Amino acid sequence: MEIRENPHILTGKEIEEIIPHRYPFRLVDRILDFEPGQWAIGRKCVTSDEPFFQGHFPDYPVVPGVLLIEALAQTGAVAVLSMPEYKGKLALFGGIKNARFKKQVVPGDDVILKAEVEKIYGPLGIARGEAIVDGKSAVTAEITFALQ
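From a predicted model like this one, the values you see are computed outputs, not experimental measurements.

**Student:** Any chance you could explain helix α2 (residues 65-81) here in plain terms?
**Tutor:** Residues that lie three or four places apart on an α-helix share one face, since the helix turns once every 3.6 residues. Between the first and last C-alpha of α2 there are 24 Å, a value that for 17 residues agrees with the 24 Å anticipated at 1.5 Å per step. In terms of burial, α2 is a largely internal element, 15 of the 17 residues being buried.

Structure follows, in structure tokens:
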């Protein structure tokens, strides 16, 4: 999954037309390209004024790993919920497997979020995600989701 020559780009407002997340919990700034029901590539530009940095950690700001997993899930949700049959639904966590945190993400990082839908069966599905910073993998995980 790579960005195509003529990508399907979504702005923050367009993302909010697909997924229900809003500030301060929408963790995808932009979708760089996506294929409904298949995959999505997003971007999160981490700034020093993110609300979670007030407590994690004031003297050593690091994006919490669970929020990176959430950002991957939101990116994958764009791919799934952009399908006409799932419009207006919620994608809820069903499980997280094999999460690996390989690199700290800090203010100033531009995080590329890749989510690939492996399968959807009934109201359940599985996606694989990877967060990348400066060409290096920061987080990988398999996410199970339930559509409601």
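Having seen it, we continue.
**Student:** Please explain the side chain of T140 as it appears in this structure.
**Tutor:** Residue position: T140 is located in strand β6 (residues 136-147). On the basis of relative accessible area, T140 is assigned to the buried category, the value being 18%. Every residue in contact with T140, bar those within four places of it in the chain, is listed here: N98, A99, R100, K102, G129 and E130.

**Student:** What should I look at first to understand empty space enclosed by the protein in this one?
**Tutor:** Rolled over the atoms, a probe as big as a water molecule pinpoints where empty space is left. If you walk through the whole model with that rule in mind, you get one cavity of 30 Å³ or more. When its volume is computed, the largest cavity comes out at roughly 70 Å³. Looking at the largest cavity, the residues that line it are L27, K44, V46, F52, V63, L67, L68, A71 and V111. Per-element accounting of the lining of the largest cavity gives the leading share, three residues, to α2.

**Student:** So what exactly am I meant to see when it comes to the sheet that holds strand β4 (residues 110-121) here?
**Tutor:** Backbone hydrogen bonds hold the strands of a sheet together, and the pairing may be parallel or antiparallel. A sheet is described by the order of its strands in space; here six strands give the open sequence β1-β2-β4-β5-β6-β3, paired in antiparallel fashion. Pairing within the sheet leaves two strands with one partner each, and these edge strands are β1 (30-35) and β3 (91-101). Taking the axes of each pair of neighbouring strands and ignoring which way they run, one obtains an average angle of 20° across the sheet. Sheet topology note: the strand β2 (residues 39-45)/β4 ladder contains seven bridges and is antiparallel. Across the sheet, the residue bridging to K44 is V111, located in β4.

**Student:** How should I be thinking about the side chain of T75 in this particular structure?
**Tutor:** Structurally, the position occupied by T75 is in helix α2. Within the local environment of T75, its side chain forms a polar contact with the backbone oxygen of A71, the two atoms lying 2.9 Å apart. The contacts of T75, once residues within four sequence positions are left out, are V28, I31, A40, I41, G42, L113 and A115.

**Student:** Sorry, what's going on with the environment of I120 here?
**Tutor:** If you trace the backbone, I120 turns up in strand β4. Accessibility expressed as a relative area gives 27% for I120, which makes it partly exposed. Here the alpha-carbon distance between I120 and L147, two residues 27 residues apart in the chain, equals 9.5 Å. Sequence-distant contacts of I120, defined by excluding residues within four places in its chain, comprise V80, M83, Y86, G125, F145 and L147.

**Student:** Help me out: how do you make sense of the pattern of salt bridges in this one?
**Tutor:** Within this structure, the stated rule accounts for 11 salt bridges. Between K114 and E2 there is a salt bridge, and its shortest N-O distance comes to 3.2 Å. Residue K114 is found in strand β4, and its partner E2 is found in the segment before α1 (12-16); the two are separated by 112 residues along the sequence. With a relative accessible area of 15%, K114 lands in the buried category.

Cut-offs applied
Residues numbered from 1 in each chain as written. Predicted model: local features only at pLDDT ≥ 70, side-chain atom pairs only at ≥ 80, totals over all residues. Heavy atoms only, no water. Helix = DSSP H or I, 4+ residues; strand = E, 2+ residues; numbered from the N terminus. Expected span 1.5 Å × (residues − 1). Buried < 20%, exposed > 50% of the residue type's maximum accessible area, 1.4 Å probe, protein only. Contact = heavy atoms within 4.5 Å. 1 Å grid on protein atoms, 1.4 Å probe; cavity = no way out; pocket = protein on both sides within 12 Å on 5 of 7 lines; lining within 4 Å. Points joined across faces, edges and corners; volume = space filled by probe spheres on them. Pairing = 2+ DSSP bridges. Axes fitted to C-alpha atoms, helices over the stretch in contact; angles between N-to-C directions. Polar contact = N/O pair within 3.5 Å; in protein donor to acceptor, adjacent residues only side chain to side chain. Salt bridge = Lys/Arg side-chain N within 4 Å of Asp/Glu carboxyl O.

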